[in-house]
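Take a look at the letters that make up each chain.
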Amino acid sequence: MSEIGKLGFGFMRLPTVEVDGEKVIDIEQVKEMADLFMDAGFTYFDTARGYHGGKSEAALRQAVVERYPRASFQVATKLPAWLAKDADHARAMFDKSLRETGAGYFDNFLLHNLGEDRTKLFDDFDLWNFLREKKEAGLIRNLGFSIHDKAAVLEDVLAAHPEVDFVQLQINYADWESETIESRACYEVARAHGLPVVVMEPIKGGSLVRLPDEAVDVLRAVNPDEPLPSWALRFAASLPGVLSVLSGMSTPEQVRQNVALMRGFAPLTDEEHEALAKVRAILDGIDTVPCTDCRYCLKNCPQGVRIPAALASLNILALYRDGYRAQENYDWNASDGPASSCIGCGACESVCPQHIAIVKELGRAAELFEK
């Protein structure tokens, strides 16, 4: 794969305005953000069929594709089989993405969000072969996938599909040693297969700019002038084999700050890595729900409650005091099995290795995130 800028522009959290009582993407502001990004020498834009209710790809067309020569930027988008009714619907998403982006071809194309029971759908719909044909036709330059799951699952997918060109992984310093996210383990699996990595969630949806004071003090002691986002972006970008680090920027000011940080990117020093290890230890010491995402609870739940996702939102709130990110995680990952549908049967608690009072915690999640 060809080199791309270390900073990528994620089109997941674009600015919005209210028009006739409805929130829509603020396309003029997105144009300003795209211009700032391109003017700084960065060229990689990442969107997806499902972002912003299906409107993100069209925003990319308006802000970038229709305003810049096609050879001056790269477009990545994703196909979410789990939103499709059947194989024909899933395949039609590819053509719709071509129309919506107006890109003509995709520099990077991804099967979106593999993991859990979603992976099987991509096989059932024969999307691997379908997209291989699109690549042979010149409509895809590089084929990959994004995944939110354990390293063992990633290993299984890569073993079954050695044809992929890259993977997109959730990597940030807070999750690096996490037993739930397994950032390091997933990264090491990808590199063992010789694959380059595109990083998503490097700032954990913005949570890593809302650290506890004692964690901030550790970082300030090493480098008092380094902005908090820089620690997160540089951690991910310092890893060998990382093609680009995506940032889901929402304002022109965020673009200005991030391009300034990454234009003169320098890898983390040993001292800075040690400081981040201390920050992880501080975060690990905060009282949270001790869920390890083993998912035994999911097999026993008669209501299909997305228990680990709900508990993860509670932990985001506890660790980072980040209500926006906690709610976003809940809406994205738990809305199809909300905490409020729990009937209190206790089947989940009977199999939980951590002996969590799950019914009580689900009650808290329903109260906090289902308003």
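In this text, all values refer to a predicted model and were calculated from it rather than measured experimentally.

## A closer look at the packing of aromatic side chains
Link 1 in the chain: Under the criterion given, the structure shown has 16 aromatic pairs.
Link 2 in the chain: Relative to Phe-106, the ring of Phe-94 lies with its centre 5.7 Å away and its plane at 80°, an arrangement referred to as edge-to-face. One end of the pair, Phe-94, is in helix H3 (residues 87-101); the other, Phe-106, is in strand S6 (residues 106-114), and twelve residues separate them in sequence.
Link 3 in the chain: Taking the centre distance of 6.3 Å and the plane angle of 80° together, the rings of Tyr-173 and Phe-235 count as edge-to-face. Placement of the pair is Tyr-173 in the loop between strand S8 (166-170) and helix H7 (183-192) and Phe-235 in helix H9 (residues 228-237), with a sequence separation of 62 residues.
Link 4 in the chain: Given the relative accessible area of 0%, Tyr-173 is considered buried.
Link 5 in the chain: Cluster of aromatic residues (ring-pair linked, three or more members): Phe-9, Phe-11, Phe-37, Phe-42 and Phe-45.
Link 6 in the chain: Lying across the ring of Tyr-105, Arg-70 places its NZ or CZ 4.0 Å from the centre.
Link 7 in the chain: The ring of Tyr-105 carries Arg-141 above its face, with NZ or CZ at 4.0 Å from the centroid.

## Notes on the sheet that holds S6
Link 1 in the chain: Pairing is parallel in the closed barrel, where eight strands are placed in the order S1-S4-S5-S6-S7-S8-S9-S10. Geometrically, the sheet is characterised by an average inter-axis angle of 25° between neighbouring strands, direction not taken into account.
Link 2 in the chain: The pairing of strand S1 (residues 7-10) with strand S4 (residues 44-46) spans three bridges and is parallel. Pairing of Phe-9 across the sheet is with Phe-45, part of S4.
Link 3 in the chain: Contacts from helix H5 (residues 127-136) reach strand S5 (74-79), S6 and strand S7 (140-147) within the one sheet, and its direction differs from that of S7 by about 150°.

## So, the layout of surface pockets
Where empty space is left becomes clear once a probe the size of a water molecule has been rolled over the atoms.
Link 1 in the chain: Of the volumes computed, that of the second largest pocket is approximately 390 Å³.
Link 2 in the chain: Along the wall of the second largest pocket there are 14 residues; nearest its centre are Met-12, Arg-13, His-52, Tyr-324 and Glu-328.
Link 3 in the chain: Per-element tally for the lining of the second largest pocket: the top contributor is helix H14 (residues 323-333), with five residues.
Link 4 in the chain: The residue makeup of the lining of the second largest pocket, split by class, is five nonpolar, six polar and three charged.

## A word on helix H1 (residues 27-39)
Link 1 in the chain: With 13 residues, H1 ought to run about 18 Å at 1.5 Å a step, and its terminal C-alpha atoms sit 18 Å apart, in line with that.
Link 2 in the chain: Within the span of H1, buried status applies to Ile-27, Val-30, Met-33, Ala-34, Phe-37 and Met-38. Along the axis of H1, the buried positions cluster into a sector of 130°, meaning they face one direction only. Those residues of H1 that are exposed and aimed more than 90 degrees away from the buried face are Glu-28 and Asp-39.
Link 3 in the chain: Residues of H1 that are buried make contact with S1, strand S3 (22-25), S4, helix H2 (56-65) and helix H10 (252-263).

## Side note on the environment of Pro-267
Link 1 in the chain: With respect to the helices and strands, Pro-267 occurs in the loop between H10 and helix H11 (270-284).
Link 2 in the chain: In this structure Pro-267 touches Arg-234, Ser-238 and Glu-272, once residues within four positions along its chain are discounted.

Rules behind the numbers
- Residues numbered from 1 in each chain as written.
- Predicted model: local features only at pLDDT ≥ 70, side-chain atom pairs only at ≥ 80, totals over all residues.
- Heavy atoms only, no water.
- Phe/Tyr/Trp six-rings, centres within 6.5 Å; stacked < 30°, edge-to-face > 60°.
- Helix = DSSP H or I, 4+ residues; strand = E, 2+ residues; numbered from the N terminus.
- Buried < 20%, exposed > 50% of the residue type's maximum accessible area, 1.4 Å probe, protein only.
- Lys NZ or Arg CZ within 6 Å of the ring centre and 35° of its normal.
- Pairing = 2+ DSSP bridges.
- Axes fitted to C-alpha atoms, helices over the stretch in contact; angles between N-to-C directions.
- Contact = heavy atoms within 4.5 Å.
- 1 Å grid on protein atoms, 1.4 Å probe; cavity = no way out; pocket = protein on both sides within 12 Å on 5 of 7 lines; lining within 4 Å.
- Points joined across faces, edges and corners; volume = space filled by probe spheres on them.
- Nonpolar A, V, L, I, M, F, W, Y, C, P; charged D, E, K, R; others polar.
- Expected span 1.5 Å × (residues − 1).
- Arc of directions from axis to C-beta.

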